[in-house]
Amino acid sequence: MTEGGPTVAASASLWERDEEVAAITQAVDTLCADHSSPGSLLVCRGEAGFGKTALLAETRRIAEARGCTVWSARGGEILRSVPFNVVRQLLQPALVCMLPEEAREYLGDWYDIAGPALGIAEPGDRQADPQGVCDGLVAAVHRLAGREWPLVLLVDDVHWADQETLRWLAALAERLDEISVLVVVARRPGEVTGDSAHHLAAAEAAGRPLAPLSALTPEATAGLTRATVGAHADGAFCREVWAVTGGNPYETVELLAKVRDSELEPVESRAADLRELNRSARGGGLVARIEELGIDATRFAWAAAVLGTGVTVDMVARIATLDRDTAVRCAERLATARILTEPEGAVGRSAGDDLEFLHPLIATDVYNSIPDALRRAMHGIAAQLVTDSGLGAAAASRHLLQVHPEDDQDVVRQLREAAREHLAVGAPDAARRCLERALEEPPLPEAHARVLYELGCATLLTAPATTIEHLRTALAMPGLDAEHRVDAVFRLSQALLHNNQLEEAVRTVEAEAARNPDPSARLRLQAVQYMWEGIHAGETASPGRSARLAELASTCTGRDNSERALLILRGFDAMTHGESAEEVVELCDRALVNGRLAPGLGWTDTEWGLELPMMLASAYAYCDRLDRAEALFTEALRAYETAGWSGGHLALAHAYVGLGHRRRGRLKEAEESLRESLRIAERVGRGLPLYWSAICNLIDTLLARGHVEEARSVADQYGFAPPYPSTIVLPDPRTVRGRLLLATGRTEEGIDELEAAEKAAAVRGRHNPVVVPWATDLARALAAEDPGRSARLAADARRQAERFGTDTAIGEALRCAAALETGPRAVRLAAQAVTYLESSPCQYEHAAARVEYGIAARSQDELNRGLALALSCGSDGLVAKAREALAAIRVG
């Protein structure tokens with residue numbers, strides 16, 4: 001048992017907490033041992049009043065005694081709608097103490113990303129990526145931990161933390177091995193639902209739970225009673241204290257304080273009075289006790305509960321409509337009654353400084369006791385005070401969410417502005433709540449569709465199904481001007497795409513294009529339609545689609561983004577169909593402005609989305625213009641990192657950078673980029689197209705490296721198998737899976753998969769032998785059992801390659817043809833393959849051709865050249881093959 005001393009109230013909840021205190025002490029000592037010590041997360045669980053707050057206070061005492069920097073924060077039941085509330089409490093004080101230039105220099109590239117969420121920088125004019133902001137906040141802790149080491153972060157009532165903070169906490173917990181900081185959080189069981197529960201569970205899974213706090217035993221209660229009211233307290237009185245409070249430390253402390261204040265004799269004959277005294281500690285008894293202090297004190301307590309944070313005498317006085325002198329007296333009266341207190345360490349502070357409730361349980365009971373109409377009215381006054389203080393619409397929005405709807409267009413305006421502010425700092429859920437509440441007001445008929453449109457935009461990335469409903473409703477109403485209507489249709493089609501309803505997305509834009517009278521708007525909608533059709537990997541293509549697209553693009557000069565989009569779409573379509581690569585490149589070049597992406601078509605522009613620049617870069621990559629493709633892929637990566645977009649966009653950027661490395665033959669670099677893409681994609685969610693891009697390219701790269709078992713393991717781990725996504729994935733996943741099956745000895749299954757790839761390519765008209773290289777793989781697989789069909793496949797692949805016209809396509813077709821021959825003809829075809837592939841930028845294919853030519857010609861010189869190329873590419877499989885062939889020649 002932890003012995004009680006003179007400061008019984010402060011230490012009461014530490015009775016019978018030796019095990020927890022020992023675990024905390026050990027964690028602090030581990031942190032302080034070395035600058036490079038890994039961080040850790042401790043989770044304290046317990047019911048309300050079981051001493052979690054006291055345990056955090058003891059953590060502070062232990063840490064400060066060892067020279068640690070300690071920052072703390074607390075979640076609030078009525079503050080869960082305030083994004084980044086708790087993480088701001090933790091980190092903002094340290095950053096606002098710096099000069100702005102110092103903070104910017106200290107946070108570096110993360111300043112503009114995480115700064116707005118922390119309230120130390122103005123937000124930008126575009127929607128922030130929530131994952132990027134979260135990563136920026138983790139980076140801020142990383143840097144602050146280095147500056148303030150040893151650093152301890154304490155979060156009380158984390159079950160009431162806002163969703164954005166919990167997301168950050170989960171991300172921080174995953175990286176504590178590399179961040180030397182101790183995080184201790186306290187929570188009640190239950191209390192959390194939805195995404196917040198998911199984030200908190202993820203954080204706890206990465207941390208270490210302390211033993212759940214339990215109620216005090218009768219023995220501990222007796223010891224605490226005697227330490228508080230005197231050693232003469234008899235056993236029957238002590239047992240009744242335990243029976244009345246159930247051993248709840250908070251209720252025990254409060255009851256004993258009342259015993260002491262009322263000078264109740266702690267003897268058996270007075271034990272019956274304990275129940276009456278205890279009733280005034282919670283619920284109705286607490287409310288009655290406050291009411292006994294007078295109507296002014298009651299209103300003061302109500303107003304303080306409504307504010308929840310930033311509780312000052314002046315603010316409370318204005319909400320409660322009290323003069324300042326009366327308000328000061330009320331604050332003193334409530335403090336004496338153990339309702340309100342000043343924060344720890346507040347000695348010497350003025351009456352205008354922050355106040356807080358003695359315990360969260362009291363704050364909850366007081367808030368719930370306010371008559372509904374009065375509570376809503378007080379929130380309205382609080383919202384006005386926050387607005388008048390210049391804190392912005394977002395700060396006022398948590399109060400506006402509680403105001404009774406009454407057709408107030410100023411409230412609608414403020415909530416819409418708050419939503420924009422929330423989106424700009426990376427809090428789309430907070431924006432959604434504001435716009436949903438604005439609809440309840442409701443907005444005027446002429447503004448109703450605009451609010452629905454804004455709501456649809458806010459939920460696009462987080463809830464596609466909800467977005468679809470909102471935007472469809474907005475489009476069915478009057479109020480959207482022509483520009484916003486076209487944009488709403490585009491965003492609706494995006495939401496349908498993200499919701500795996502690609503065919504519906506196509507029909508939506510097609511129908512709107514047919515009825516839109518504006519030629520410019522119609523052209524944009526047609527381009528969007530062709531864009532979604534272009535990435536569709538379904539069973540059939542719409543009849544004559546490519547011909548219609550070609551005809552439409554033939555009139556485009558690239559004078560605006562709609563025309564540039566059509567040129568890109570036509571180039572990508574021609575590339576996948578295996579038309580002339582030179583013509584593809586010419587179309588793509590016409591879509592650029594001075595060799596660069598036009599404004600509005602950039603990687604972070606929302607007018608069109610990322611699909612168009614991805615199609616453009618992919619077309620260049622498969623047309624052997626890898627310099628242009630890699631420049632675009634690298635630009636995407638840099639743009640997303642700079643903008644703090646570290647979700648799906650960044651995952652795709654890494655995947656396509658990996659694709660560029662793979663095409664170039666830099667296999668180690670490709671694998672590194674693709675594993676990073678997969679790591680981010682895992683965080684975003686499995687099953688999405690971006691996830692398939694990472695997996696497919698990674699397996700293809702591992703096979704090229706000769707790491708067959710690792711490729712098989714990755715495929716099994718991540719479910720690389722049918723059904724395939726409805727959007728196109730490069731390279732073709734059926735072909736890559738067929739290669740994997742063949743490489744692992746599952747020949748029949750591999751042949752079946754490649755034949756499925758053949759059928760899928762045929763119905764979509766995708767005949768490019770580089771993008772969908774099923775034919776050469778199938779030809780090799782069938783060489784022994786069906787040489788006639790194998791030869792036909794190889795010949796057809798060569799015709800398609802010559803039609804496409806790139807050195808890589810022709811060289812790969814010749815490699816296949818050589819593999820099916822023997823003797824001088826095999827040597828001649830292998831030599832031709834080398835000639836083409838040494839002019840290709842694809843060095844892995846060149847290395848493979850050199851090794852195969854060396855084997856066919858039994859040439860040590862060619863094998864050594866192939867070996868050198870294989871080593872530079874990082875292909876262990878080719879290296880082993882070349883060395884084995886060299887050894888055989890030497891032996892022969």
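Residues numbered from 1 in each chain as written. Predicted model: local features only at pLDDT ≥ 70, side-chain atom pairs only at ≥ 80, totals over all residues. Heavy atoms only, no water.

**Considering the overall build of the protein chain**
Item 1. Within the protein chain one finds 45 helices and seven strands.
Item 2. With the principal axes as the frame, the protein chain shows a C-alpha extent of 115 × 75 × 50 Å.
Item 3. When the 892 residues of the protein chain are sorted by exposure, 57% land in the buried category.
Item 4. The contacts in the protein chain between residues at least 6 apart in sequence include a share of 68% that link residues at least 24 apart.
Item 5. Accessible surface, the protein chain: about 36100 Å² in total, of which carbon and sulfur atoms supply 50%.
Item 6. For the protein chain, the separation between the mean place of its 94 positive charges and that of its 128 negative charges on side chains is 4 Å. (Helix = DSSP H or I, 4+ residues; strand = E, 2+ residues; numbered from the N terminus. Buried < 20%, exposed > 50% of the residue type's maximum accessible area, 1.4 Å probe, protein only. Contact = heavy atoms within 4.5 Å. Areas by Shrake-Rupley, 256 points an atom, 1.4 Å probe, with all protein chains shown as cover. Lys, Arg positive; Asp, Glu negative; His and termini not counted. Charge placed at Lys NZ, Arg CZ, Asp CG, Glu CD.)

**Regarding the pattern of salt bridges**
Item 1. Counted by the stated rule, this structure contains 65 salt bridges.
Item 2. The residue Arg524 makes a salt bridge to Asp487 at a minimum N-O spacing of 3.9 Å. Of this pair, Arg524 sits in helix H27 (residues 519-534) while Asp487 sits in helix H25 (residues 482-498), and the two are 37 residues apart along the sequence.
Item 3. A residue is classified by how much of its surface remains accessible, and Arg524, at 11% relative accessible area, is buried.
Item 4. According to the relative accessible area criterion, Asp487 is buried, its value standing at 12%.
Item 5. Note that Glu753 is salt-bridged to Arg737, the shortest N-O span being 2.7 Å. Within this pair, whereas Glu753 is found in helix H38 (residues 747-764), its partner Arg737 is found in helix H37 (residues 733-743), the two being separated by 16 residues in sequence.
Item 6. The exposure class of Glu753 is buried, given its relative accessible area of 8%.
Item 7. Exposure remark for Arg737: the relative accessible area of 15% places this residue in the buried category. (Salt bridge = Lys/Arg side-chain N within 4 Å of Asp/Glu carboxyl O.)

**Thoughts on the packing of aromatic side chains**
Item 1. Summed over the entire model, instances satisfying the criterion amount to seven aromatic pairs.
Item 2. Arranged with centres 6.2 Å apart and planes meeting at 65°, the rings of Tyr691 and Tyr718 form a pair that is edge-to-face. Linking Tyr691 in helix H35 (residues 689-705) with Tyr718 in helix H36 (residues 708-718), this pair joins segments that are 27 residues apart in sequence. We note that Tyr691, like Tyr718, is buried.
Item 3. Judged by centre distance (5.7 Å) and plane angle (50°), the rings of Trp692 and Phe720 are tilted. Linking Trp692 in helix H35 with Phe720 in the loop between H36 and H37, this pair joins segments that are 28 residues apart in sequence.
Item 4. Taking relative accessible area as the criterion, Phe720 reaches 4% and is therefore assigned buried.
Item 5. Ring pairing ties together the aromatic residues Trp603, Tyr640 and Trp645, which thus form one cluster.
Item 6. Arg147 extends its terminal NZ or CZ atom over the ring of Tyr106, reaching a point 5.4 Å from the ring centre.
Item 7. For Arg524, the ring lying beneath its charged end belongs to Trp608, and the centroid distance is 5.2 Å. (Phe/Tyr/Trp six-rings, centres within 6.5 Å; stacked < 30°, edge-to-face > 60°. Lys NZ or Arg CZ within 6 Å of the ring centre and 35° of its normal.)

**Thoughts on the confidence of the model for the protein chain**
Item 1. In the predicted model, the protein chain carries a mean pLDDT of 89, and 95% of its residues have values of at least 70.
Item 2. The low-confidence segment residues 1-10, where pLDDT is below 50, has 18 contacts with residues more than four positions distant or belonging to other chains.
Item 3. When the criterion is pLDDT under 50, residues 343-352 qualifies, and its contacts beyond four places in sequence or with other chains add up to 13 contacts. (pLDDT = per-residue confidence, 0-100.)

**Points about the environment of Ala868**
Item 1. Residue placement: Ala868 occurs in helix H44 (residues 860-873).
Item 2. For Ala868, a relative accessible area of 44% puts it in the partly exposed group.

**What about the pairing of strand S4 (residues 181-187)?**
Item 1. Taken across its seven residues, S4 has seven buried, putting it largely inside the fold.
Item 2. Residues Val181, Val183, Val185 and Arg187 of S4 are buried on one face, and the alternating residues Leu182, Val184 and Ala186, pointing to the opposite face, are buried as well.
Item 3. Sheet topology note: the strand S1 (residues 40-45)/S4 ladder contains six bridges and is parallel. Within S4, the position partnered with Arg45 by the bridge is Arg187.
Item 4. Strand direction decides the pairing type here: strand S3 (residues 151-156) and S4, joined by five bridges, are parallel. By the bridge assignment, Val155 is partnered in S4 with Val185. (Pairing = 2+ DSSP bridges.)

**Re the environment of Val528**
Item 1. Positionally, Val528 belongs in helix H27.
Item 2. A C-alpha to C-alpha distance of 7.0 Å links Val528 and Val509, two positions 19 residues apart in sequence.
Item 3. Residues contacting Val528, with those up to four places away along its chain left out, are Phe490, Ser493, Val509 and Trp608.

**A short note on the packing of H27 against helix H29 (residues 561-576)**
Item 1. With their axes 9 Å apart at the nearest point, H27 and H29 run at an angle of 25° to one another. In terms of orientation, H27 lies roughly parallel with respect to H29. Considering how the two elements wind past one another, H27 and H29 form a crossing that is left-handed. Residues Ser520, Leu523, Arg524, Ala527, Tyr530, Met531 and Gly534 of H27 form the contact with H29, whose own contacting residues are Ser562, Glu563, Ala565, Leu566, Leu569 and Phe572.
Item 2. Each residue belonging to the contact of H27 with H29 can be placed in one class, and the counts come to eight nonpolar, three polar and two charged. (Axes fitted to C-alpha atoms, helices over the stretch in contact; angles between N-to-C directions. Parallel < 35°, antiparallel > 145°, perpendicular 65-115°, else oblique. Left-handed = near helix turned anticlockwise from the far one by under 90°. Nonpolar A, V, L, I, M, F, W, Y, C, P; charged D, E, K, R; others polar.)

**Focus: the side chain of His379**
Item 1. One can find His379 in helix H19 (residues 372-388).
Item 2. A relative accessible area of 2% means that His379 is categorised as buried.
Item 3. Apart from residues lying up to four places away in sequence, His379 is in contact with Val306, Tyr367, His399, Gln402 and Val403.

**Some words on unusual backbone geometry**
Item 1. In this structure, Pro150 follows Trp149 across a cis peptide bond, with omega equal to -10°.
Item 2. Secondary-structure assignment places Pro150 in the loop between helix H7 (130-148) and S3.
Item 3. Following Leu730, the chain continues into Pro731 via a peptide bond in cis, with omega recorded as -5°.
Item 4. Within the element layout of this structure, Pro731 appears in the loop between H36 and H37.
Item 5. Positioned with a positive phi, Thr321 is a non-glycine residue whose angle comes to about 55°.
Item 6. With respect to the element layout, Thr321 can be found in the loop between helix H16 (313-319) and helix H17 (324-336).
Item 7. Its relative accessible area of 57% is what places Thr321 among the exposed residues.

**Here's the deal with the pairing of S3**
Item 1. Buried residues dominate S3, accounting for six of its six residues.
Item 2. Because side chains alternate across S3, one face comprises the buried residues Leu151, Leu153 and Val155, and the other comprises Val152, Leu154 and Asp156, equally buried.
Item 3. In this sheet, S3 lies alongside strand S2 (residues 69-74) in parallel orientation, the contact comprising six bridges. Bridging from a neighbouring strand, Ala73 pairs with Val155 of S3.
Item 4. At this point the chain moves from S3, through helix H8 (residues 163-174), to the parallel S4, and the crossover so formed is right-handed. (Right-handed = clockwise from strand over helix to strand, strands pointing away.)

**What about helix H32 (residues 626-643)?**
Item 1. Relative to the 26 Å expected for 18 residues at 1.5 Å per residue, H32 spans 25 Å between its end C-alpha atoms, a close match to the ideal helical length.
Item 2. Where H32 is buried, its residues contact helix H31 (611-622) and helix H33 (648-664). (Expected span 1.5 Å × (residues − 1).)

**Topic: the sheet that holds S3**
Item 1. Within the open sheet, the five strands sit side by side as S2-S3-S4-S1-S5. Their pairing is parallel. The open sheet has two free edges, formed respectively by S2 and strand S5 (208-209), since each of these has just one partner strand.
Item 2. On the sheet, helix H3 (residues 52-65) packs against S1, S2, S3 and S4 and is oriented at approximately 170° with respect to S3.
Item 3. Lying over the sheet, helix H4 (residues 85-96) contacts S2 and S3, oriented at roughly 150° with respect to S2.

**Observations regarding the state of the cysteines**
Item 1. Across all of its chains, the model carries zero disulfides by this definition.
Item 2. Cys434 forms no disulfide, and the closest cysteine sulfur to it belongs to Cys457, at a distance of 15 Å.
Item 3. Left unpaired, Cys842 is separated from the closest cysteine sulfur, that of Cys873, by 10 Å.
Item 4. On the accessibility criterion, Cys842 (0% relative accessible area) is buried. (Disulfide = S-S within 2.5 Å.)

**Focus: the nonpolar core**
Item 1. Of all hydrophobic cores here, the largest spans 159 residues; its most connected members are Trp532, Met575, Ile699 and Trp774.
Item 2. In terms of residue count, H35 provides more of this core than any other element does, 10 residues in total.
Item 3. Ignoring any residue separated from it by four or fewer positions in sequence, one finds Trp774 in contact with Thr735, Leu754, Ala757, Glu758, Ala761 and Leu793.
Item 4. Counting 53 residues, the second-largest nonpolar core is a separate cluster that includes Phe84, Leu169, Ile179 and Ala430. (Core = buried A, V, L, I, M, F, W, Y, C linked by side-chain atoms within 4.5 Å.)

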